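Summary of structural features
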Amino acid sequence: MPAEVRHTKGERTRERIRSAALRSFRENGYDATTIRGLADELGMSVGATNYHFASKNHLIQELYLDVQERHWAAAQPLLADATELIERLRIVFETGLDQLEPYHAHAGEFLSAAVSPRSPINPLSAESAEAFAIVEGLFAEAIDGAAPTRLTDDVRERMPDALVLAHLLLALFWVYDTSEGRQRTRLLLDRSLRLLSAVLPLARLPLVRGAVAEVLALVGSVRA
């Protein structure tokens, strides 16, 4: 069999496993999704499944990427029609929450598996860097594409990293939110953005600018 055909067949097999895993994570949760279960569903051996994904944690990284790629796709057309900074940030936060919603029923399982600092599926881990970078890029785009805000260069540079961490904290609140449509999470976001809108202009003041930059640098050091 030609190498390119073998390669294409391998890609198709990998995508079948990936798609089945994402569906299982969404419908059955983290705990009930297993490599053996996926292999049985697809009529494959466990060894063949492990050839493409060495562990369930590797499939979780595929889930992170899928969620964030959908997040990027959902945010882009809305950002194109918005110019005000706070509104652009709201778009990134809200479309991010929208992509998480199908997983809410089993969110506690994912949190339990990811909460350890040593976990390879911790959102701040090196293994999760690719998905993290997508969200960070979205926040950077939201800031850079906004109407002039007179943000200093150091604040502008450090804000995306801090905003991604804020997004993770909002997602943590969302996990525990049992209100209909996660309205409490949406209300928390709204109030936080109002506060940011009131505080952000202060970052232009010479007496405050240095302190704001230092706080943002400190927040960014969480991932150092």
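Only a predicted model underlies this, so the values are computations on that prediction, with no experimental measurement involved.

1. Some thoughts on the overall build of the protein
Helix and strand counts for the protein come out as 10 helices and zero strands. Written out in order from the N terminus, the α and β elements of the protein read α-α-α-α-α-α-α-α-α-α. In the protein, once contacts between residues fewer than 6 apart in sequence are set aside, the share between residues at least 24 apart is 72%. About 12,300 Å² of surface is accessible on the protein, with carbon and sulfur atoms providing 57% of the total.

2. Remarks on the confidence of the model for the protein
Averaged over all residues, the pLDDT of the protein equals 88, while 87% of them reach at least 70. Of all helices and strands in the protein, the one with the weakest mean pLDDT is helix H10 (residues 206–220) (59), whereas helix H5 (residues 85–100) scores best (97). For the stretch residues 1–6, pLDDT sits under 50, and the model shows one contact to residues farther than four places along the chain or on other chains.

3. A look at a nonpolar patch on the surface
Taken together, the side chains of Leu169, Leu172 and Tyr176 present a nonpolar region at the surface, about 340 Å² in accessible area. Mapped onto the elements of the fold, Tyr176 is located in helix H8 (residues 153–176).

4. Comments concerning the packing of aromatic side chains
Taken as a whole and assessed by the stated rule, the structure comprises four aromatic pairs. Residues Phe25 and Phe110 carry aromatic rings whose centres are separated by 5.8 Å and whose planes lie at 70 degrees to one another, so their mutual orientation is edge-to-face. Within this pair, whereas Phe25 is found in helix H1 (residues 3–32), its partner Phe110 is found in helix H6 (residues 107–114), the two being separated by 85 residues in sequence. Pair check on accessibility: Phe25 and Phe110 agree, each one buried. Of the aromatic side chains, those joined through ring pairs into one cluster are Phe25, Tyr30, Tyr103 and Phe110. The residue whose ring lies beneath Lys56 is Tyr30, and the NZ or CZ to ring-centre distance is 3.9 Å.

5. Here's the deal with the nonpolar core
Core analysis: the biggest nonpolar cluster contains 51 residues, and Phe25, Leu59, Leu63, Leu89 and Phe139 have the highest contact counts within it. For this core, the element with the highest residue contribution is H8, accounting for nine residues. With near-sequence residues (within four places) excluded, Leu59 lies in contact with Ile17, Arg18, Ala21, Phe25, Ile35, Leu38 and Phe53.

Procedures and definitions
- Residues numbered from 1 in each chain as written.
- Predicted model: local features only at pLDDT ≥ 70, side-chain atom pairs only at ≥ 80, totals over all residues.
- Heavy atoms only, no water.
- Helix = DSSP H or I, 4+ residues; strand = E, 2+ residues; numbered from the N terminus.
- Contact = heavy atoms within 4.5 Å.
- Areas by Shrake-Rupley, 256 points an atom, 1.4 Å probe, with all protein chains shown as cover.
- pLDDT = per-residue confidence, 0-100.
- Patch = residues over 30% accessible without salt bridge, like charges linked within 9 Å, V, L, I, M, F, W, Y side chains within 5 Å.
- Salt bridge = Lys/Arg side-chain N within 4 Å of Asp/Glu carboxyl O.
- Phe/Tyr/Trp six-rings, centres within 6.5 Å; stacked < 30°, edge-to-face > 60°.
- Buried < 20%, exposed > 50% of the residue type's maximum accessible area, 1.4 Å probe, protein only.
- Lys NZ or Arg CZ within 6 Å of the ring centre and 35° of its normal.
- Core = buried A, V, L, I, M, F, W, Y, C linked by side-chain atoms within 4.5 Å.

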